[in-house]
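Given next are the chains, with one letter for each unit.
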Amino acid sequence: MNILVINCGSSSLKFQLIDSETEKVSAKGLCERIAIEGSRLVYTPAGGEKMIFEAPMADHTIAIQMVLDALTNDSYGVVKELSDIDAVGHRIVHGGELFSEATVITDEVIEAIKACSDLAPLHNPANLIGIEACRKLMPTTPMVAVFDTAFHQTMPEEAYLYGIPYRYYEKYKIRRYGFHGTSHNYVSGRAAAMLGKDLADLKVIVCHLGNGASVSAVKNGKCVDTSMGLTPLEGLIMGTRSGDLDPAILEFIAKKENLDMDQLMNILNKESGVLGLSDQFSSDFRDLEEGYLQGKDNCTRTMKAFCYRVAKYVGAYVAAMNGVDAICFTAGLGENSGVIRGMICEYLTYLGFTLDQEKNSMRGKEIDITTPDSKTKILVIPTNEELAIARETAKLV
Ligand code: AMP
């Protein structure tokens, strides 16, 4: 089956066409600056050159129409006609407590995704626009919603409740949901395959370290805790997001700097994290790593604080699962930065492993970076959220 995977943001749209039998990507690309001046489609067919089409895209329907035209084009397309696309898999950020697994999209499902929108006001409406646009252009093609939150729905109450009045959970469903679930699910599954063991017998910690970053504890194949919360702001120090902090800091800064809640949230989401800690030096870990290796103070304190926080979460999740068999690194810097993996692992050697420094310097491929005598395994596993969405979609249609 040809599965079109769509990840729709407010002004951008990423896509991949995946053959679910061979699991190969036939074409992939990105629409940028939708409904903004300077919009363009970047399109790469498998084995072909990257192409850039600059054209106005007044809305997401026009953007998706351009994607479908490219996919079915006589010279650079990868399918003959639209009906060769068998199904569409949509990445949806928030499924609240309503969705604990992927689901075929119906009118009722769309209403339920809308109902979760106040939990993810920036993401769910954009995801819904992508669904509506695809339904308009491919009215008979089955579609599936795959939720970032779904994998974490197995967390026990003690892990997802906050220490605030219980009525807020009852009234507004304020609780930990967690994100990056598709990645945590995929990577923990790959960990079991790499170790040649059944996931149902393993305790795995997944560190998804990208611009957004989260850690999860996966016990016997089920998520039992994760670092992101009601929103993706909680947990690790991220590119521009603060992660955990004392909630009273909000009031303190608000009074000192005369800021309202919107301004504060903007600071915590966009000006904090490693960007803020490095004194606005960079949110990109390649820059920070370079600065750190050159001995720059702002980069050193930032890298240390980032790695310390990751190690602290790993320690907490060893406790949550009463042990761990494998710790997995994935996403942009988890897959690529041996320096960061090394700094995090320095805190964790009590778990009984030795890093193989040569293996740790490799990047972007599945590899066990510990010595053979290590009791706990440290694995690097490139994530593949699109493939995971395509698999879920193929399974349901
Ligand atoms: P993601 O959000 O998963 O795309 O990850 C983006 C982050 O990964 C950015 O902060 C990048 O700087 C970081 N990254 C990508 N490649 C490397 C690398 N070779 N070394 C360090 N960080 C990297």
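Our subject is the structure listed above.
Residues numbered from 1 in each chain as written. Predicted model: local features only at pLDDT ≥ 70, side-chain atom pairs only at ≥ 80, totals over all residues. Heavy atoms only, no water.

Chemist: For this particular structure, what's the right way to read the site of the ligand?
Modeler: Asn211, Asp284, Phe285, Gly332 and Leu333 are the nearest of the 13 residues found near the ligand. Asn211 places a main-chain nitrogen or oxygen 2.9 Å from an oxygen atom of the ligand. Gly332 places a polar main-chain atom, nitrogen or oxygen, 2.9 Å from an oxygen atom of the ligand. Contact with the protein chains removes 75% of the 500 Å² of surface that the ligand exposes when unbound. Looking at the shell around the ligand, the elements that each hand over two or more residues are α10 (285-293) and α12 (331-336). (Near = heavy atom within 4 Å. Polar contact = N/O pair within 3.5 Å; in protein donor to acceptor, adjacent residues only side chain to side chain. Areas by Shrake-Rupley, 256 points an atom, 1.4 Å probe, with all protein chains shown as cover. Helix = DSSP H or I, 4+ residues; strand = E, 2+ residues; numbered from the N terminus.)

Chemist: Got a minute to help me understand the sheet that holds strand β2 (residues 13-19) in this structure?
Modeler: Hydrogen bonding along the main chain pairs the strands of a sheet, whether they run parallel or antiparallel. If you walk across this open sheet you meet the 8 strands as β5-β4-β3-β2-β1-β6-β8-β7, and the pairing is mixed. Strand pairing shows two members of the sheet lacking a second neighbour, β5 (51-54) and β7 (103-104), which therefore form its edges. (Pairing = 2+ DSSP bridges.)

Chemist: I tried to follow the sheet that holds strand β14 (residues 377-380) on my own but got confused; where do I start?
Modeler: Reading across from one edge, β11-β10-β9-β12-β14-β13 is the order of the 6 strands in this open sheet, with mixed pairing throughout. Across the chains shown, the open sheet's two edge strands, defined by having one partner strand only, are β11 (222-226) and β13 (367-368). Bridge analysis of β13 against β14 gives 2 bridges, and the strand direction is antiparallel. Paired with Asp368 across the strands is Leu379, a residue of β14. Helix-sheet contacts for helix α11 (residues 297-321) involve β9 (203-209), β10 (213-219), β11 and β12 (326-330), and the interaxial angle to β9 is about 160 degrees. (Contact = heavy atoms within 4.5 Å. Axes fitted to C-alpha atoms, helices over the stretch in contact; angles between N-to-C directions.)

Chemist: Whenever I open this one, the state of the cysteines confuses me. Can you help?
Modeler: Two cysteines whose sulfur atoms are joined by a covalent bond form what is called a disulfide. In total, this model carries 0 disulfides according to the counting rule given. Cysteine Cys31 shares no disulfide, and the gap to the nearest cysteine sulfur, in Cys8, comes to 8.9 Å. (Disulfide = S-S within 2.5 Å.)

Chemist: Help me out: how do you make sense of the packing of aromatic side chains in this one?
Modeler: The geometry of an aromatic ring pair is captured by two quantities: the separation of the ring centres and the angle between the planes. As enumerated under the stated definition, the model contains 10 aromatic pairs in all. Geometrically, the ring pair formed by Phe15 and Tyr43 is stacked, given 6.5 Å between the ring centres and 20 degrees between the ring planes. Separated by 28 residues along the polypeptide, Phe15 in strand β2 and Tyr43 in strand β4 (residues 40-45) bring together distant segments of the chain. In terms of burial, Phe15 and Tyr43 fall into one category: buried. Taken together, the ring pairs connect Phe15, Tyr43, Phe53 and Tyr76 into an aromatic cluster. Over the ring of Tyr169 we find Lys173, and its NZ or CZ is 4.7 Å from the ring centre. The residue whose ring lies beneath Arg175 is Tyr160, and the NZ or CZ to ring-centre distance is 3.7 Å. (Phe/Tyr/Trp six-rings, centres within 6.5 Å; stacked < 30°, edge-to-face > 60°. Buried < 20%, exposed > 50% of the residue type's maximum accessible area, 1.4 Å probe, protein only. Lys NZ or Arg CZ within 6 Å of the ring centre and 35° of its normal.)

Chemist: Looking at this model, I keep getting lost on the pattern of salt bridges. Mind explaining?
Modeler: Across all of its chains, the model carries 15 salt bridges by this definition. The salt bridge partner of Glu32 is Arg40, with a shortest N-O separation of 2.7 Å. Arg175 is paired through a salt bridge with Glu97; the nearest N and O atoms lie 2.8 Å apart. One end of the pair, Arg175, is in the loop between α5 (166-172) and α6 (181-195); the other, Glu97, is in the loop between β6 (87-92) and β7, and 78 residues separate them in sequence. Classification of Arg175 by relative accessible area gives buried; the value is 2%. Through salt bridges that share partners, Glu97, Lys173 and Arg175 make up one connected network. (Salt bridge = Lys/Arg side-chain N within 4 Å of Asp/Glu carboxyl O.)

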